[in-house]
Amino acid sequence: MAAIERVDVEELLADSVEAWRASAAVRGVELRMLWSGAPALVVGERLRLAQATGNLIAHAIEHG
């Protein structure tokens, strides 16, 4: 079981966008991220949260 930890949402999203950028480019999609507002932390398993954000990005690329 992965460790439960405090995860910086901005950092998590930036990592996910970077990870999917090449796949998006192949499909003619440009991924960008702009964070505004206060820092945000959530408590959870970083790997699971990364999988969830990755799934959302992948679906947006494919169906967006």
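Since this is a predicted model, take the numbers as computed values, not measurements.

Can you walk me through the nonpolar core in this structure?
When a protein is soluble and globular, its nonpolar side chains tend to lie buried together. One finds Val-17, Ala-24, Leu-31, Ile-57 and Ile-61 forming the largest nonpolar core, which totals 5 residues. Of all the elements in the fold, those that place two or more residues in this core are helix H1 (9-26) and helix H2 (46-63). Non-local contacts of Val-17, meaning those with residues more than four positions away in its chain, are made with Leu-31, Met-33 and Ile-57.

I keep staring at H2 and nothing clicks. Help me out?
Every α-helix carries 3.6 residues per turn, so stepping three or four residues along brings you back to the same face. The end-to-end C-alpha distance of H2 is 26 Å, a good match for the 26 Å that 18 residues give at a rise of 1.5 Å each. Those residues of H2 that are buried lie in contact with H1.

Hey, could you run me through the environment of His-63 in this one?
Topologically, His-63 is positioned in helix H2. For His-63, a relative accessible area of 58% gives the class exposed. Here the alpha-carbon distance between His-63 and Ala-52, two residues 11 residues apart in the chain, equals 16 Å.

Sorry, what's going on with the packing of H1 against H2 here?
For any two helices packed against each other, one specifies the inter-axial angle together with the distance between the axes. Viewed as axis vectors pointing N to C, H1 and H2 meet at an angle of 40 degrees, and their least axial separation amounts to 9 Å. Here H2 runs oblique to H1, going by the angle between their axes. Considering how the two elements wind past one another, H1 and H2 form a crossing that is right-handed. Residue-level inspection shows Glu-11, Leu-12, Leu-13, Asp-15, Ser-16, Val-17, Trp-20 and Ala-24 of H1 in contact with H2, the latter providing Arg-46, Leu-49, Ala-50, Thr-53, Gly-54, Ile-57, Ala-58 and Ile-61. Its residues placed into classes, the contact of H1 with H2 shows 10 nonpolar, 3 polar and 3 charged.

Any chance you could explain the pattern of salt bridges here in plain terms?
Opposite charge on two side chains permits them to pair, given that their charged atoms come into close proximity. Within the structure shown, the criterion is met by 5 salt bridges. A salt bridge links Arg-46 to Glu-11; the nearest nitrogen and oxygen atoms lie 3.7 Å apart. On the criterion of sequence distance, the pair formed by Arg-46 in helix H2 and Glu-11 in helix H1 is long-range, its members being 35 residues apart. Among the ionic pairs, Arg-21 bridges to Glu-18, the shortest N-O distance being 3.0 Å. A residue pair is termed a helical-turn pair when its members lie 3 or 4 positions apart in one helix, as Arg-21 and Glu-18 do in helix H1 at 3 residues. By sharing partners, the salt bridges in this structure join Glu-11, Asp-15 and Arg-46 into a single network.

Rules behind the numbers
- Residues numbered from 1 in each chain as written.
- Predicted model: local features only at pLDDT ≥ 70, side-chain atom pairs only at ≥ 80, totals over all residues.
- Heavy atoms only, no water.
- Core = buried A, V, L, I, M, F, W, Y, C linked by side-chain atoms within 4.5 Å.
- Buried < 20%, exposed > 50% of the residue type's maximum accessible area, 1.4 Å probe, protein only.
- Helix = DSSP H or I, 4+ residues; strand = E, 2+ residues; numbered from the N terminus.
- Contact = heavy atoms within 4.5 Å.
- Expected span 1.5 Å × (residues − 1).
- Axes fitted to C-alpha atoms, helices over the stretch in contact; angles between N-to-C directions.
- Parallel < 35°, antiparallel > 145°, perpendicular 65-115°, else oblique.
- Left-handed = near helix turned anticlockwise from the far one by under 90°.
- Nonpolar A, V, L, I, M, F, W, Y, C, P; charged D, E, K, R; others polar.
- Salt bridge = Lys/Arg side-chain N within 4 Å of Asp/Glu carboxyl O.

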